[in-house]
Amino acid sequence: MVFKHIFTYRLKCLLRDHENIFWTLFFPLIMATLFNMAFSNLGSAETFKPVDIAVVNDEQYRQDKNFKSAVEKLSSGDDRLFNLSVVSREEADDMLKNNIIDGYIIAGWPIKLVVNQSGLNQNIIKSFTDNYMQTVSALNTILSKDPGKLQNLINEVESKVNYVKEVSHSNAEPDNILLYFYSLIAMACFYGGFFGMREVSDVQADISPVAARVNTAPVHKLKAFIYSSAASIIIHLAEMLILLAYLIFALKIDFGSKTAYVLLTTFIGSIAGFFFGAFVSAAVKKSEGVKVGVLVSATMICCFLAGMMYQDIKYIIERNMPALSYLNPVNLLTDAFYSLYYYDTFTRFFTDIAILTAFVAVFGSGTCLIIRRRKYASL
Amino acid sequence: MVVRVKNLVKRYGDLLALDHLSFSIKEGEIFGLLGPNGSGKTTAINCILSLLKYDKGEIEVFGQPMRPDAYDIKRNIGIVMQNVAVYDELTVYQNIDYFCGLYISDKSTRKRLVNEVIDFVGLGEFTGFYPKKLSGGLLRRLNIACGIAHKPKLIILDEPTVAVDPQSRNKILEGILELNRQGATIIYTSHYMDEVEQICGRIMIIDRGREIATGTKDELKAMISLGEKITVESYSITENQISSIEKLPGITSVEYKNNKLMIKSGKGTNNLETVLDFIRKENIHFGRIYSEMPTLNDVFLEITGKELRD
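Report follows, based on the coordinates. (Residues numbered from 1 in each chain as written. Chains lettered and ligands numbered in written order. Predicted model: local features only at pLDDT ≥ 70, side-chain atom pairs only at ≥ 80, totals over all residues. Heavy atoms only, no water.)

1. Re the overall build of chain A
Part 1: Helix and strand counts for chain A come out as 17 helices and four strands.
Part 2: The C-alpha radius of gyration of chain A comes to 31 Å, more than 25% above the 21 Å expected for a compact globule of 379 residues.
Part 3: Residue burial in chain A is summarised as follows: out of 379 residues, 45% are buried.
Part 4: The contacts in chain A between residues at least 6 apart in sequence include a share of 72% that link residues at least 24 apart.
Part 5: Counting only carbon and sulfur atoms, one obtains 60% of the accessible surface of chain A, whose full area is about 19300 Å².
Part 6: Looking at charge distribution, chain A has the averaged site of its 34 positive side-chain charges lying 15 Å from that of its 33 negative ones. (Helix = DSSP H or I, 4+ residues; strand = E, 2+ residues; numbered from the N terminus. Rg over C-alpha atoms; globule rule 2.2 N^0.38 Å. Buried < 20%, exposed > 50% of the residue type's maximum accessible area, 1.4 Å probe, protein only. Contact = heavy atoms within 4.5 Å. Areas by Shrake-Rupley, 256 points an atom, 1.4 Å probe, with all protein chains shown as cover. Lys, Arg positive; Asp, Glu negative; His and termini not counted. Charge placed at Lys NZ, Arg CZ, Asp CG, Glu CD.)

Structure follows, in structure tokens:
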């Protein structure tokens, strides 16, 4: 009966705590939206767009079969380098002036390149013309000095080999951008620490007058803490489900096909975040402002080390300080999500979950040990 | 005895907050703990409630040793904290219902008690209000309602009228007397001597954690030598005239400060008429002249050498 009483009133209290709801629900949703906007641009920027060029259709171009062939070869197919237009000099000038093309080429020796500004696309055209002239010059030199080696050279030029190949460990495609979203979920889980912090504040008589009143009531302190914590955890889990739904259905973030495990990870992460905040609140014997500062700082440092702001830091730590990556609960959460997405096996996932569960046990029992004290040295 | 405190000692580091404090409170009493800020009133209350650790002493409530897990005792105690202790996210009704529910599990009984206490503190029009929308006085009334809704036998009110408007203050004091009439034993702490004089049957004056004096207000006033204070508001009194007043029979001290002449006389003497005769004879111009009986502040002043309100 007391459970129902405390639990229901606690739900009302927490749901009306607008500041807490903002940081634990709306802030991660806003961050997710911003991440999505930033990374969708990053994705499109990574897709190569062929460079628009023109070649002046003069006598030299028509006669230089090799050059004509090279330009046409680079301007055909889906992975072409250029969108080629063969036009008169006047037309080429007009197109350049109207920014229809990034530059135009006049065949001959040396090959001339006309551009009206410098930039990446202009550099690409210049690289092509330089490379072509260098190769032709080398062929001419060899032909004049040692014609017998010409065939070898032609074979080498034609058979450029890429020695690096992307190989997947699983059926999923490697996707580094997902790490940002996974660390965002981990951050949201650990923002549940605000709930834990409030629960401890509302039961510690030396922190708040309301807690002092609760301590004078005929209710066991730890029971009161557990009952109201149940309400906090349920609200935070609901918030996490909303965030997950938003990521999956609105932003189309891929979590792989193991939905139940994703939910399990979120559940454990949420509880770990709650008890992390509760532990900080119980252990830091300072004002509420200092406690919030410690919680936010600790969470953001963990997020940074998990790669939320700079992705490579996660790998730098894994390579140089592997123990630290296992001691960072945010990193464990991020890693668990990524393992679910990327690996076909569960070994790494369950290792992460087991360590996270240990964190829950440590933070939870630590909190209970600290707040179990029922008399205070000062109020 | 409802409360018995014996040789209570509480230290905060080097500071001795309670120095062998002892007192007993009988059933049906309104017991006042009077002392300046920092005198140890709230510390004593928190020790009684088993919120604070203490270094030495014994505390019994309803004849049983008070402990943090003495839930049967706690069930019969109502506490009104010095700081308002309510949830900002709950309405007036919900706050009272929540705290009452920590004591009373039966829903219908609780509903009745909550409605009764709302009527009692006069918050009927504000049941749907959130605490932030209430004035200071109404907030204090809500604080009181949360502490007494479960009809406790012992009610502890720790400075319940701090920062309260006169109308709410009177309502609160009347309410405390009514609770006492209904059978509750009251412990009332304050640094406002007039409030304590007005409602408390027995008063303990404390300073620096020590008992200064205990008794009814008349018993306390009887402990000091001062009998009467006469104040004359005038800006034209000479040194010679002051010396002459000092020589009048029964006068114990004369002080002239800020255009106010303060004449004190000992017990059993009434000097108002003598002073008036002197003023007329000397043709002293004055604004007001009035006589006062000793207050608890005078008791405190005479015993400790400092003002209660300091």
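2. Topic: the overall build of chain B
Part 1: Each helix and strand in chain B was counted, giving 11 helices and 14 strands.
Part 2: In terms of overall dimensions, chain B has C-alpha extents of about 75 × 45 × 35 Å along its principal axes.
Part 3: For chain B, with 310 residues in total, the buried portion stands at 52%.
Part 4: Across chain B, contacts joining residues at least 24 apart in sequence account for 67% of those joining residues at least 6 apart.
Part 5: For chain B, the accessible surface area stands at approximately 14200 Å², while carbon and sulfur atoms represent 47% of it.

3. So, the nonpolar core
Part 1: Ranked by size, the top nonpolar core spans 95 residues in total, and within it Ile48, Ile96, Ile156, Ile186 and Tyr188 of chain B carry the most contacts.
Part 2: Per-element tally for this core: the top contributor is helix H5 (residues 136–148) of chain B, with six residues.
Part 3: When sequence neighbours within four positions are dropped, the list of residues in contact with Ile96 of chain B reads Val114, Val117, Ile118, Leu142, Ala145, Cys146 and Ala149 of chain B.
Part 4: Residues Phe7, Phe181, Ala272 and Leu333 of chain A belong to the second largest nonpolar core, which totals 66 residues. (Core = buried A, V, L, I, M, F, W, Y, C linked by side-chain atoms within 4.5 Å.)

4. Here we look at the interface of chain B and chain A
Part 1: The partner chain A presents 31 residues to the 37 residues of chain B that form the contact.
Part 2: Buried area between chain B and chain A, summed over both chains or domains, comes out near 3200 Å², and the portion from carbon and sulfur atoms is 62%.
Part 3: By the criterion of area lost to chain A, the three top residues of chain B are Leu51, Glu89 and Leu102 of chain B, representing 22% of everything that side buries.
Part 4: On the surface where chain B and chain A come into contact, there are one salt bridge. (Buried area = accessible area lost by both parts, 1.4 Å probe. Salt bridge = Lys/Arg side-chain N within 4 Å of Asp/Glu carboxyl O.)

5. Quick notes on the pattern of salt bridges
Part 1: Scanning all chains against the criterion turns up 27 salt bridges over all chains.
Part 2: In this structure, the salt-bridge partner of Asp202 of chain A is Arg198 of chain A, at a minimum N-O distance of 3.1 Å. For the residue pair Asp202 of chain A and Arg198 of chain A, the accessibility class agrees, reading buried in each case.
Part 3: Among the ionic pairs, Arg67 of chain B bridges to Asp69 of chain B, the shortest N-O distance being 3.0 Å.
Part 4: Sharing partners across several salt bridges, the network here consists of Arg10, Asp17, Arg198, Glu199 and Asp202 of chain A together with Glu89 of chain B.

6. A few points about the sheet that holds strand S5 (residues 64–65) of chain B
Residue and element names in this part refer to chain B.
Part 1: Strand order in the open sheet formed by four strands is S2-S1-S4-S5, and the pairing between neighbours is antiparallel. Each edge of the sheet is formed by a strand with only one pairing partner; in this case those strands are strand S2 (15–25) and S5.
Part 2: Here strand S1 (residues 3–12) runs beside strand S4 (residues 56–61); their pairing, made up of five bridges, is antiparallel. By the bridge assignment, Val5 is partnered in S4 with Ile59.
Part 3: Most of the contacts of helix H1 (residues 41–48) go to S2, to which it runs at about 65 degrees, and overall it touches S1, S2 and S4. (Pairing = 2+ DSSP bridges. Axes fitted to C-alpha atoms, helices over the stretch in contact; angles between N-to-C directions.)

7. Brief notes about helix H6 (residues 166–181) of chain B
Residues and elements named next belong to chain B.
Part 1: For H6, built from 16 residues, the straight-helix expectation of 22 Å at 1.5 Å per residue is met to within 8% by its first-to-last C-alpha distance of 23 Å.
Part 2: Among the residues of H6, those classed as buried are Ser168, Arg169, Ile172, Leu173, Gly175, Ile176, Leu179 and Asn180. Relative to the axis of H6, the buried residues are bounded by an arc of 155 degrees and lie together on one face. Opposite the packed face of H6, turned more than 90 degrees from it, sit the exposed residues Pro166, Gln167, Glu174 and Arg181.
Part 3: Considering only its buried residues, H6 is in contact with strand S3 (30–34), helix H4 (107–121), H5, strand S7 (154–158), strand S8 (185–190) and helix H7 (193–199).
Part 4: Gly183, located one to two residues past H6, shows a positive phi value of around 115 degrees. (Expected span 1.5 Å × (residues − 1). Arc of directions from axis to C-beta.)

8. Here we look at helix H9 (residues 239–246) of chain B
All names here are of chain B.
Part 1: All of the buried residues in H9 are Gln241, Ile242 and Ile245. All buried residues of H9 lie within an arc of 100 degrees about the axis, which places them on one face of the element. Among the exposed residues of H9, those pointing more than 90 degrees away from its buried face are Glu239 and Asn240.
Part 2: Buried-residue contacts for H9 involve strand S12 (251–257), strand S13 (260–266) and helix H10 (272–282).

9. Quick look at the sheet that holds strand S2 (residues 82–87) of chain A
Consider a sheet: its strands pair through backbone hydrogen bonds, and that pairing is either parallel or antiparallel.
Residue and element names in this part refer to chain A.
Part 1: Across the sheet, four strands lie side by side as S2-S1-S3-S4; this open sheet has mixed pairing. The open sheet has two free edges, formed respectively by S2 and strand S4 (112–114), since each of these has just one partner strand. If you compare each strand with its neighbour and ignore which way they point, the axes differ by 25 degrees on average.
Part 2: Where strand S3 (residues 103–106) meets S4, three bridges bridge the pair, whose relative direction is antiparallel. Opposite Tyr104, over in S4, you have Val114 as the bridge partner.

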